[in-house]
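Working through the structure, step by step
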Amino acid sequence: SQTIHQWPATLVQPVGSPLSLECTVEGTSNPNLYWYRQAAGRGLQLLFYSVGIGQISSEVPQNLSASRPQDRQFILSSKKLLLSDSGFYLCAWSQTPYEQYFGPGTRLTVT
Amino acid sequence: GENVEQHPSTLSVQEGDSAVIKCTYSDSASNYFPWYKQELGKRPQLIIDIRSNVGEKKDQRIAVTLNKTAKHFSLHITETQPEDSAVYFCAAIQGAQKLVFGQGTRLTINP
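Read on for an overview of the structure. (Residues numbered from 1 in each chain as written. Chains lettered and ligands numbered in written order. Predicted model: local features only at pLDDT ≥ 70, side-chain atom pairs only at ≥ 80, totals over all residues. Heavy atoms only, no water.)

**A few points about the nonpolar core**
Formally: For our purposes a nonpolar core is just a set of buried Ala, Val, Leu, Ile, Met, Phe, Trp, Tyr and Cys residues, chained together by side-chain atoms within 4.5 Å. Relative accessibility decides the category of a residue: with a 1.4 Å probe and only protein chains considered, values under 20% of the type maximum give buried, values over 50% give exposed, and everything between is partly exposed. Secondary structure elements are taken from DSSP: a helix is a run of H or I of four residues or more, a strand is a run of E of two residues or more, and numbering for both begins at the N terminus. Contacts: residue pairs with any heavy atoms within 4.5 Å of one another.
Trp35 and Phe73 of chain B are the most contacted members of the largest nonpolar core, which has 23 residues in total. Elements with a contribution of two residues or more to this core: strand S3 (19-25), strand S4 (32-38), strand S5 (45-51), strand S7 (62-67), strand S8 (72-77), strand S9 (86-94) and strand S11 (105-110) of chain B. If we skip the residues at most four places from it in the chain, Phe73 of chain B touches Ile21, Lys22, Cys23, Tyr25, Phe33, Trp35, Thr65, Leu66, Cys90 and Ala91 of chain B. One finds Cys23, Trp35, Leu64 and Leu108 of chain A within the second-largest nonpolar core, a separate group that totals 20 residues.

**A word on the packing of aromatic side chains**
What describes a pair of aromatic rings is the distance from one ring centre to the other and the angle between the planes of the rings. Filter applied, for reference: Two rings from Phe, Tyr or Trp (for Trp, the six-membered ring) form a pair when their centres are within 6.5 Å of each other. A pair whose planes differ by under 30 degrees is stacked, one over 60 is edge-to-face, and the rest are tilted. Sitting over a ring, as applied to charges here, requires NZ of Lys or CZ of Arg to be within 6 Å of the ring centre and within 35 degrees of the ring normal.
The full count for this structure, using the stated rule, is 14 aromatic pairs over all chains. Taken together, a centroid distance of 5.7 Å and an interplanar angle of 70 degrees make the contact between Trp35 of chain B and Phe73 of chain B edge-to-face. Of this pair, Trp35 of chain B sits in strand S4 while Phe73 of chain B sits in strand S8, placing them 38 residues apart in sequence. Across this residue pair, the class does not change: Trp35 of chain B and Phe73 of chain B are buried. Taken together, the aromatic side chains of Tyr34, Tyr36, Tyr49 and Phe102 of chain A together with Tyr36 and Phe101 of chain B make up a single cluster linked through ring pairs. For the cation-ring pair, Arg107 of chain A lies above Phe88 of chain A, with the distance from its terminal atom to the ring centre recorded as 4.1 Å.

**Re the interface of chain B and chain A**
Using the following cut-off: Buried surface area refers to the total accessible area, computed with a probe of radius 1.4 Å, that the two partners give up upon joining, counted for both partners together. For this document, the term salt bridge refers to a Lys or Arg side-chain nitrogen within 4 Å of an Asp or Glu carboxyl oxygen. Nitrogen and oxygen atoms within 3.5 Å of one another constitute a polar contact, given that in protein one can donate a hydrogen and the other can accept it, and given that sequence-neighbouring residues count only through two side-chain atoms. Classes in brief: Ala, Val, Leu, Ile, Met, Phe, Trp, Tyr, Cys and Pro nonpolar; Asp, Glu, Lys and Arg charged; the others, Gly included, polar.
Counting from both sides, the interface comprises 19 residues of chain B and, opposite them, 23 residues of chain A. Together, the buried faces of chain B and chain A total about 1,800 Å²; carbon and sulfur atoms form 57% of this surface. By the criterion of area lost to chain A, the three top residues of chain B are Arg43, Gln97 and Lys98 of chain B, representing 31% of everything that side buries. For the pair chain B and chain A, the interface holds two salt bridges. Counting across the interface, chain B meets chain A through seven residue pairs in polar contact (both at pLDDT 80 or more). Looking at the side of chain B that touches chain A, the elements that each hand over two or more residues are S4, S5, S9 and strand S10 (98-101) of chain B. Split by residue class, the side of chain B that touches chain A holds nine nonpolar, five polar and five charged.

**Observations concerning the sheet that holds strand S1 (residues 3-7) of chain A**
All names here are of chain A. To keep it simple, the criterion reads: For two strands to count as paired, DSSP must find a minimum of two bridges between them. A fitted line through C-alpha atoms serves as each axis, taken over the contacting stretch for helices, and the angle formed by two N-to-C directions is quoted from 0 to 180°.
A sheet is described by the order of its strands in space; here four strands give the open sequence S1-S3-S8-S7, paired in antiparallel fashion. A single partner strand is all that each edge strand has here, and the edge strands are S1 and strand S7 (64-70). Averaged over all adjacent pairs, the angle separating strand axes in this sheet is 20 degrees, with direction ignored. Relative to strand S8 (residues 73-78), strand S3 (residues 19-26) is paired through six bridges, and the arrangement is antiparallel. Residue pairing in the sheet places Cys23 in a bridge with Phe74 of S8.

Next up, the structure:
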């Protein structure tokens, strides 16, 4: 069966510091991968998605970037964090164009 | 692009009663509509979905109905239980890869 991992689970970072969040999927090949952000008490904002290695689509222009160096690895990065980057970051995968399954998430607090 | 509106934003029902959450979408080409349940601090979990070639789908106490003409779909939970308390998100697929989410409904089941 398929499993999705995210790390770290929680992170506290100062404003202006860099960020790297990692997501990996097991038990499937060539999945679609997604990064979402959820602000406290809010909905799900799609940040990036990828349909293959090196293929990244950006949904929201901001100080974040994403990379997919391997088939089942998706990385979210920032060179300089803002206070507004705080939130719950969720990675998701899908094998078909339809069902998406979320990872456990990373809770980021920027101080 | 696709736009999804979800109502109500909060819903409180007595245990054992039914709950209904409604969503409308804008893109008539959308053909897949999932519902996610998110408990506090956890990842969203896919609970039921429907494709545009059917009008209703049921799984035990939950059901989803779809009206393609009116471009709306609804989640129905019968015989509600305390563990049904959560935030529920509807979504509609845009293109072949992206889900557009509603704003969420916080459902509270009162004992």
